[in-house]
Amino acid sequence: MSTSSPPIVSAVRLRKCYGSQRVVDDISFNIERGEFCGMLGPNGAGKTTTLRMLVGNTPNSGGELTVLGRPIPADARAMRARIGIVPQADNLDPDFTVVENLRVYGRYFGLGRRAIDQRIPELLKLAALDDRAGFRINQLSGGMKRRLSIARALINRPELLILDEPTTGLDPQIRQNIWHLLRQLQQDGLTLILTTHYMDEAERLCGRIILMDHGRILADQTPQSLVRDHIEPHVLEVHGESVNAWRAAHPLNGPIRCEQLADTWYYYGANLEHLVKSLDGWNGLRYSYRAANLEDVFLKLTGRELRDG
Amino acid sequence: MADRFRRWLAVWRRNALVWRKSAKTALLGGFAEPVFYLMALGYGLGSFIGQVQGLSYIGFLTAGILSTSAMNSATFEGLYLAYTRMEVLKTWDAMLAAPLSVADVVIGEVLWMGTKSVISAGLILAVAWGFGLAQGWLALAVLPVVFLTGICFGSMALVFMSFARSYDFFVYYISLGVTPLVLLSGVFFPLEALPEPVRFVTAWLPLQPVVQVIRPLVGNAWDWHMLQLLAIPAGYAAASLLIAIRRFERRLVQ
Ligand SMILES: Nc1ncnc2c1ncn2[C@@H]1O[C@H](COP(=O)(O)OP(=O)(O)O)[C@@H](O)[C@H]1O
Ligand SMILES: [Mg+2]
């Protein structure tokens, strides 16, 4: 990647306030051409608000923002001609067929009939909807609708694709399917930004993760280095009815961090072998011993309290 | 300007395509009902009334029905259908993800509302023509007038809709706004039957001038004074459109 080309997105001390609440609180980041960047954070972290500022659908309360070299929100409308947006909830037109949805959306971009008709077969193929061209939206499955939403966002051959929680609420197989599509798009040279609260999604797709909470950036690095820098390499999870007796019989020694979440105890450390051995012979214990992953980092950095809505 | 118009047209064409797909049912509401009213009241009631302002009662009523039908179809579109697009289908969000501004969306919508008025009033005009209730080339000038009427009442409905949190809210607009307006604007009976203060007020509201313009046009009569009357709906249209754009910019892009 050439470092001389200007960044696709440049945000400097970007801020959004609703009343006295700072929903996005002075965040700064650049996104370079070709990156696949994930914004990861719990509900209410400020991910959607950040994306809405990026595309000019809400003005920032402070800071500087440029996307594709254009100042936002001043030039947002013109800038949107060069990006694609996939909203969190599908807003396809239920009255229309698959093809009509693409055609009508293409007209919003000022594309002519010929350009649109040329583009549609490519998009149907990409989204594996070739055989659904004449179907109405309510005849499509959830995964097909999502793929159509992504295809629709590509009608204008964008340089940047922005997706807000693209797989929330979808079945595991369908999520795999969407991930495959997104990876393919990145290989074709597209720059992608997605938000998610799924760790596995961010870990699988993104070369870079911006971890957000309470409107701030907690970490901004590759998934591998996030795990390396912020958490011990191994994790042991233990639960079951005799967990308290086992804990009493084996007091911790050595550099091991221990946390409780609901009825499960988590042990983090570089070397947990002796702790794992001590589980032998205990009935009524269930455990898993594994390498630390992004989920552990996420829980460590954003805290363990339950958040709804 | 051409670029702007193209963006409005993209919004307009989206609505036109939806309408085309359900045109048969849509026509029934926008066309059959007013024609039934025209025929039943016009011939039924008319047989008791005789002449009104030198016209048969049904001839008198034709202009009123044309005007209210133009008003109603734009109002319905601006309240219920536009609210559905904005809040339920999120069609406007999809448009705002494309290179369209809130003003583009609102203007495209309002142009469509004007078109809806032309469609429903135009069909009634055709029926009226068939029954000899409208005549002469000037009757065709009703079409641009109902277009303006649709723009006016569509924009006004959008301003009201911009405050809505549910469909229930629209009952206030219909019951307290539209219905009294129809009853007091010279649609069913001549204005002379109303007390002077009421006439003074409704003269400054947009429906009455429309009725006053359409009535002579249907009978193939022209008067330059009509343009002066049309300044009122035009003024309401311009003001409401600007307010609607402001309101939705606040509501959608916040
Ligand atoms: N239009 C709004 N008015 C007031 N508060 C809002 C608005 N939009 C979002 N918020 C608040 O901003 C915070 C961040 O929301 P959001 O960006 O949607 O988070 P995320 O997408 O990370 O779940 C939440 O506390 C939410 O309630
Ligand atoms: Mg969100």
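Analysis parameters
- Counting restarts for each chain: residues are numbered from 1 in the order of the written sequence.
- Following the order in which they are written, the chains are lettered starting with A and the ligands numbered starting with 1.
- The predicted origin of the model limits local features to residues at a pLDDT of at least 70 and limits the giving and counting of side-chain atom pairs to 80 or more, whereas totals for whole chains, interfaces and linings rest on all residues.
- Values reported for side chains reflect all heavy atoms of the structure, with hydrogen atoms and water molecules removed beforehand.
- By convention in this text, a residue qualifies as near a molecule or strand provided that one of its non-hydrogen atoms is within 4 Å of it.
- Accessible surface area values rest on a Shrake-Rupley calculation with a 1.4 Å probe, where residue burial reflects the displayed protein chains alone.
- Where helices and strands are cited, they refer to DSSP runs of H or I of at least four residues and of E of at least two residues respectively, numbered from the N terminus.
- For each residue, the accessible area found with a 1.4 Å probe, counting protein chains only, is set against the maximum for its type, and the residue is called buried under 20%, exposed over 50%, and partly exposed in between.
- In this description, strands pair whenever DSSP reports at least two bridges between them.

(A) How the structure looks around the site of ligand 1. Neighbouring ligand 1 are the residues Tyr18(A), Gln21(A), Val23(A), Pro42(A), Asn43(A), Gly44(A), Ala45(A), Gly46(A), Lys47(A), Thr48(A), Thr49(A) and Gln254(B). One finds residues of chains A and B in close proximity to ligand 1. When ligand 1 sits alone it has 560 Å² of accessible area, and the protein chains cover 65% of it. Every element with two or more residues in the shell around ligand 1 is listed here: strand S2 (21-31) and helix H1 (47-54) of chain A. Tallying contributions element by element places H1(A) first for the shell around ligand 1, with three residues.

(B) Broad picture of unusual backbone geometry. Residues and elements named next belong to chain A. The amide bond that connects Ile-72 to the next residue, Pro-73, takes the cis arrangement and shows omega of 10°. With respect to the helices and strands, Pro-73 occurs in the loop between strand S5 (70-71) and helix H2 (76-79). One non-glycine residue, His-214, lies in the positive phi region at around 50°. Mapped onto the secondary structure, His-214 falls in the loop between strand S9 (208-213) and strand S10 (216-221). Under the relative-accessibility criterion, His-214 is labelled exposed at 54%.

(C) Fine view of the pairing of strand S12 (residues 257-261) of chain A. Residues and elements named next belong to chain A. Strand direction decides the pairing type here: S12 and strand S13 (residues 264-269), joined by five bridges, are antiparallel. Note on S13: the bridge partner recorded for Leu-261 is Thr-264. Linking two consecutive strands that pair antiparallel, namely S12 and S13, is a turn of two residues; a positive phi of about 55° is found at Ala-262 within it.

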